[in-house]
Amino acid sequence: LELKGQQAILWYTGDFPSQQTHTYKLDNHNISWSSQGIDYALHHKKIDLVWHRRVGKPILDDILHIDDIDNAMKENITFIQSILYVLARDSIWINRLSERQTANHKLVQLQVASEMGMPYPRTLVSNNPDKIRQFIRENLPKSTIYKTFSPIAWLNPEDTKMSYTRVITEDLLSSDKILQNVPGIFQVKIEKQYE
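Let me sum up the structure you'll find in this document. Worth saying up front: this structure is predicted, and the values here are computed from it rather than measured. Every chain is numbered on its own, with residues counted from 1 as its sequence reads. Local features in this predicted model are restricted to residues whose pLDDT is 70 or higher, and side-chain atom pairs enter the listing and the counts only when it is 80 or higher, whereas totals over whole chains, interfaces and linings include all residues. Note: side-chain values were computed over all heavy atoms of the structure, leaving out hydrogens and water.

What about unusual backbone geometry?
Next, step 1: The amide bond that connects Phe-16 to the next residue, Pro-17, takes the cis arrangement and shows omega of 0°.
Next, step 2: Every helix listed is a DSSP run of H or I at least four residues long, and every strand listed is a run of E at least two residues long, numbered separately from the N terminus. Mapped onto the secondary structure, Pro-17 falls in the segment before strand E1 (21-27).
Next, step 3: The omega angle of the peptide bond from Leu-140 to Pro-141 is 10°, so this bond is cis rather than trans.
Next, step 4: Checked against the element boundaries, Pro-141 lands in the loop between helix H4 (129-139) and strand E7 (144-147).

Spelled out as structure tokens, the structure:
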């Protein structure tokens, strides 16, 4: 975009609030706003285009009391979403907030792919242990993969663990109660045609 003469700002929403501040002020019918992060500062600048992609959740500093974390997270999410709505209300959006929330759902993506005639792997989305096991058996000799609806991470001071798409077999499945409590996406594994 910058090569085409456009000023582009890479805004890591996951840096909020620990490494970013945002201020929106209304005073006697005057509105002003500012946003400041590690490598950018915006002050009442008109935003004409927003590419809204993979917005991270706020990352809170560890100074909050454990009983306050959930509420602080809700407040931060609401604040950042409100800022996005207000600052770029008249802008061109690639993945407008309301459409993004809908399009981000895996079932919607699969349904649209089907309606458009796009190829997609045989898929089961379920929390029914019997149907999950049956689906894996029906796919043999092909492999079945398991993936989550959204990225999942376990954060601790030493490291971060992430959940990735992986091949799943019946003997790797958790107990029926766990399968019922944690729905998942199961698909026939498609071998890559290229790297």
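And the narrative resumes.
A few points about the pattern of salt bridges
Next, step 1: What makes a salt bridge here is a side-chain nitrogen of Lys or Arg within 4 Å of a carboxyl oxygen of Asp or Glu, nothing more. A complete count under the given rule lists 5 salt bridges for this structure.
Next, step 2: The shortest N-O distance in the salt bridge between Asp-176 and Arg-133 comes to 2.8 Å. One end of the pair, Asp-176, is in helix H5 (residues 176-181); the other, Arg-133, is in helix H4, and 43 residues separate them in sequence.
Next, step 3: Type-normalised accessible area, obtained with a 1.4 Å probe on protein chains alone, sets the label of each residue: buried when under 20%, exposed when over 50%, and partly exposed for intermediate values. For Arg-133, a relative accessible area of 19% translates into the label buried.

So, the packing of aromatic side chains
Next, step 1: Classification of ring pairs rests on two measures: the distance between centres of Phe, Tyr or Trp rings, Trp counted by its six-membered ring, which must be within 6.5 Å, and the angle between planes, read as stacked under 30 degrees, edge-to-face over 60 and tilted in between. Taken as a whole and judged by the stated rule, the model has 2 aromatic pairs.
Next, step 2: Consider the rings of Phe-16 and Phe-79, whose centres lie 5.8 Å apart with planes at 50°: the pair is tilted. Here Phe-16, found in the segment before E1, pairs with Phe-79, found in helix H1 (residues 69-87); they are 63 residues apart in sequence, far enough to count as distant.
Next, step 3: Judged by its relative accessible area of 32%, Phe-79 falls in the partly exposed class.

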